[in-house]
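Each chain, written out:
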Amino acid sequence: MFHSFAVFSEVFHGILQENEMSKQSLVTSENFIHAISGTLGGVFSITLLFPFETARTRLQVDDRRPSKLSVKVIRDLISEEGWRSLYQGWRSLLVSLSVTNFVYFYVFYGLRSFNWSLSTDDHSFLENSNHVQNIFTDLMNGAIAGIAAVVISNPFWVINTRLKLQGVKLEASDRRSEQHSKYHGISDCFVKIIKTESPVALYSGLLSSLILVSNPAINFMIYESLKRNILPILSNFVSESSLYFCFGGTSKLVATVVTYPVQVVQTRARAGIGEKSNLGAIKIRRPNIGFWFRGLESKLVQTILTSAIMLLTYEHIRSLALLLLGFI
């Protein structure tokens, strides 16, 4: 076992030496560690809080279900459909989330390290790295990473939504999904969507998803800003783990409230609800203010805790991996 770890460590040290020779490359093992850490953090957090994700989805797409606290929705689902309904679509969501997080963390932190290398190698371009590691560049990096993640992962999220709502009796005046086939897992859902609808259906909600790259962009912009400016001050009085948890939750709170109406449109499009327009967008027939924020409480509980746990887990896994492999 120790011999295997030694070999594994040597391989990564070799890669590290290559990285030193090409500091401006986006393809580095350190970026890979960021991606793996973010993926594992996301899987861990969403598994703990998946029932809230289920409650949020039902409130967004089921017009007959009264808007209420997420705990009450979860209780109703257990009573009506059993415990298993709370984790319907869990496996496909893990696949979707893993793909999304891996791409997002890799591109976001890859761009940050690339900008850092530019600032240190070319002083005529920037006086110092503080000009690069600021709110604006984090926002831009987050937007680019979000676009890459959306384009690659959108089919997985469409499949996840279909599997999550399969067999569920929903009521929506503009529902089209009664025509959907019965799916037997991720690969079967993928094939049937292409055969019975079209490959374009895998990109349902693409327009809203592209708009929603603002959500993680805002999230990571605020999170990294808090780490740079507040962490050095408060770490003398509060543990870093507590601060990572609070920063992750606070940044996601702001991002979610700002972008939630678009998330409602996105979920309904992926579920096959609404009149389609171009680029996977849908038309809403009853746009009252309550409609746009159905399920917000459930989403806030789920997404704030998920982000807080994910980023806390990410920071610890990343630090441990970098320490073991000699990056820090």
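Keep in mind that what you see is a predicted model, and the values were worked out from it rather than measured. (Residues numbered from 1 in each chain as written. Predicted model: local features only at pLDDT ≥ 70, side-chain atom pairs only at ≥ 80, totals over all residues. Heavy atoms only, no water.)

## Re the overall build of the protein chain
Helix and strand counts for the protein chain come out as 12 helices and 2 strands. Across the 328 residues in the protein chain, those meeting the buried criterion constitute 51%. Looking at the protein chain alone, contacts between residues at least 24 apart form 79% of all its contacts between residues at least 6 apart. Put simply, the protein chain shows about 15900 Å² of open surface, and 66% of that area lies on carbon and sulfur atoms. (Helix = DSSP H or I, 4+ residues; strand = E, 2+ residues; numbered from the N terminus. Buried < 20%, exposed > 50% of the residue type's maximum accessible area, 1.4 Å probe, protein only. Contact = heavy atoms within 4.5 Å. Areas by Shrake-Rupley, 256 points an atom, 1.4 Å probe, with all protein chains shown as cover.)

## Quick look at the pattern of salt bridges
What the rule picks out here adds up to 9 salt bridges. One salt bridge in this structure joins Arg112 and Glu224, with 3.6 Å as the shortest N-O distance. Taken together, the residues Arg112 in helix 4 (residues 90-121) and Glu224 in helix 8 (residues 214-229) connect sequence positions 112 residues apart. With a closest N to O distance of 3.9 Å, Lys227 and Glu224 form a salt bridge. Here Glu224 and Lys227 lie together in helix 8, a separation of 3 residues that amounts to about one turn. Taking the relative accessible area as the measure of exposure, Glu224 reaches 3% and is therefore buried. (Salt bridge = Lys/Arg side-chain N within 4 Å of Asp/Glu carboxyl O.)

## Describing the packing of helix 2 (residues 29-61) against helix 3 (residues 70-81)
When two helices pack together, you describe them by how their axes are tilted relative to each other and by the distance separating the axes. Axis separation between helix 2 and helix 3 bottoms out at 9 Å; the angle between their running directions is 90°. The orientation of helix 2 relative to helix 3 falls into the category roughly perpendicular. Together, Pro51, Phe52, Thr54, Ala55, Arg58 and Leu59 of helix 2 and Ser70, Val73, Ile74, Leu77 and Glu81 of helix 3 make up the contact between the two elements. Broken down by class, the residue content of the contact of helix 2 with helix 3 amounts to 7 nonpolar, 2 polar and 2 charged. (Axes fitted to C-alpha atoms, helices over the stretch in contact; angles between N-to-C directions. Parallel < 35°, antiparallel > 145°, perpendicular 65-115°, else oblique. Nonpolar A, V, L, I, M, F, W, Y, C, P; charged D, E, K, R; others polar.)

## Structural notes on the confidence of the model for the protein chain
Residues of the protein chain with pLDDT of at least 70 account for 73%, and the chain-wide mean is 78. Low pLDDT, under 50, characterises residues 122-129; the stretch is placed with 6 contacts to residues that sit more than four places away or in other chains. In the predicted structure, residues 173-178 sits below a pLDDT of 50 and forms 18 contacts with residues beyond four places in sequence or in another chain. (pLDDT = per-residue confidence, 0-100.)

## Topic: the packing of aromatic side chains
For the structure on display, the rule yields 12 aromatic pairs. With 6.0 Å between their ring centres and 10° between their planes, Tyr104 and Phe108 make a pair best called stacked. Placement of both Tyr104 and Phe108 in helix 4 is noted, with a separation of 4 residues, approximately one turn of the helix. Comparing Tyr104 with Phe108 shows no difference in burial state: the two are buried. (Phe/Tyr/Trp six-rings, centres within 6.5 Å; stacked < 30°, edge-to-face > 60°.)

## Structural notes on helix 2
Helix length check: helix 2 (33 residues) gives 41 Å between terminal C-alpha atoms against 48 Å at 1.5 Å per residue, more than 12% under. Of all 33 residues in helix 2, 25 are buried, a share of seventy percent or more. (Expected span 1.5 Å × (residues − 1).)

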